[in-house]
Amino acid sequence: MVEDNDDTRDMLRHALEAEGHEVHEAADGAAAIAAGEKLDLDVALVDIGLPKADGYEVARELRRRFDGEIVLVALTGYGQRDDRERALREGFDEHVVKPVTRERLSRIVRSAASRPA
């Protein structure tokens, strides 16, 4: 999970861990890219507006690293139609506008994790 807002990142981590998910987190795009080089990831929740490398760059690097075998979810405050279209065009599998409820987050991750890559 990549989220630059500390409170949001903590809330998301707690919610995902409560569902039994192993969570790795980064507060900026560069840290997410570095972590992606070391970790074996199934699903990545990525904010778009990040410092040091935006979410689109993170998505490109994770796609390259995992040869497409990762589910990428843009979890962002950018909610216009053009934002959604760009996220999907840039390689995200899903586009979700924040704030997201715990129930919706759980459904998104369960659905993403069960998808064939």
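Provided above is the structure to which this section pertains.
Residues numbered from 1 in each chain as written. Predicted model: local features only at pLDDT ≥ 70, side-chain atom pairs only at ≥ 80, totals over all residues. Heavy atoms only, no water.

K.L.:
Just checking my understanding: could you explain the packing of helix α2 (residues 29–38) against helix α3 (residues 55–65) for this structure?
P.N.:
Two quantities define a packed helix pair, namely the angle between the axes and the distance from one axis to the other. The geometry of α2 relative to α3 is characterised by a closest axis approach of 9 Å and an angle of 5° between their N-to-C directions. In this view, α2 runs roughly parallel relative to α3, as classed from their interaxial angle. Residues G29, A32, I33, G36 and E37 of α2 touch α3, and the partners they reach there are E57, V58, E61, L62, R64 and R65. Classifying every residue of the contact of α2 with α3 by side-chain character gives four nonpolar, two polar and five charged. (Axes fitted to C-alpha atoms, helices over the stretch in contact; angles between N-to-C directions. Helix = DSSP H or I, 4+ residues; strand = E, 2+ residues; numbered from the N terminus. Parallel < 35°, antiparallel > 145°, perpendicular 65-115°, else oblique. Contact = heavy atoms within 4.5 Å. Nonpolar A, V, L, I, M, F, W, Y, C, P; charged D, E, K, R; others polar.)

K.L.:
Honestly, the pairing of strand β3 (residues 94–97) in this entry has me stumped. Any pointers?
P.N.:
Within a regular strand, the side chains alternate between the two sheet faces. As defined by bridge partners, strand β2 (residues 71–76) adjoins β3 across four bridges and the pair is classed as parallel. Considered in β3, the bridge of T76 is made with V97. (Pairing = 2+ DSSP bridges.)

K.L.:
Please explain the nonpolar core as it appears in this structure.
P.N.:
Nonpolar side chains in soluble globular proteins tend to end up buried together. Within the largest apolar cluster, 20 residues are counted, with the highest numbers of intra-cluster contacts made by V46, V58, L62, I70, L72 and F92. For this core, the secondary-structure elements that each account for two or more residues are α2, β1 (43–46), α3 and β2. Here this core gets four residues from one element, more than from any other, and that element is α3. With residues near it in sequence (within four places) discarded, V46 still touches V2, G55, V58, V73, A74, L75 and F92. Ranked by size, the runner-up nonpolar core spans 15 residues in total, among them V96, V100, I108 and V109. (Core = buried A, V, L, I, M, F, W, Y, C linked by side-chain atoms within 4.5 Å. Buried < 20%, exposed > 50% of the residue type's maximum accessible area, 1.4 Å probe, protein only.)

K.L.:
Would you mind going over helix α1 (residues 6–18) with me for this structure?
P.N.:
An α-helix turns once per 3.6 residues; consequently, residues spaced three or four apart project the same way. For α1, spanning 13 residues, the distance from its first C-alpha to its last is 18 Å, which sits close to the expected 18 Å at 1.5 Å a residue. The set of residues buried in α1 consists of R9, L12, R13, A15 and L16. Mapping the buried residues of α1 onto a view down its axis gives an arc of 165°, with all of them on the same face. Exposed residues pointing more than 90 degrees away from the buried face of α1 are listed as D7 and A18. For α1, the elements touching its buried residues are β1, β2 and α5 (102–114). At the N-terminal boundary of α1, the capping side chain belongs to N5, with an oxygen 3.1 Å from the backbone nitrogen of D7. Residue G20 follows α1 closely and has a positive phi angle near 90°. (Expected span 1.5 Å × (residues − 1). Arc of directions from axis to C-beta. Polar contact = N/O pair within 3.5 Å; in protein donor to acceptor, adjacent residues only side chain to side chain.)

K.L.:
What should I look at first to understand the packing of α1 against α5 in this one?
P.N.:
Relative to each other, α1 and α5 sit at 60°, their axes nearing to 10 Å. Regarding the angle of α1 to α5, the classification is oblique. At the point where α1 passes α5, the crossing takes the right-handed sense. Side by side, α1 and α5 meet where L12, H14, A15, L16 and A18 of the first sit next to R102, L105 and V109 of the second. Looking at the contact of α1 with α5 residue by residue, the classes come out as six nonpolar, one polar and one charged. (Left-handed = near helix turned anticlockwise from the far one by under 90°.)

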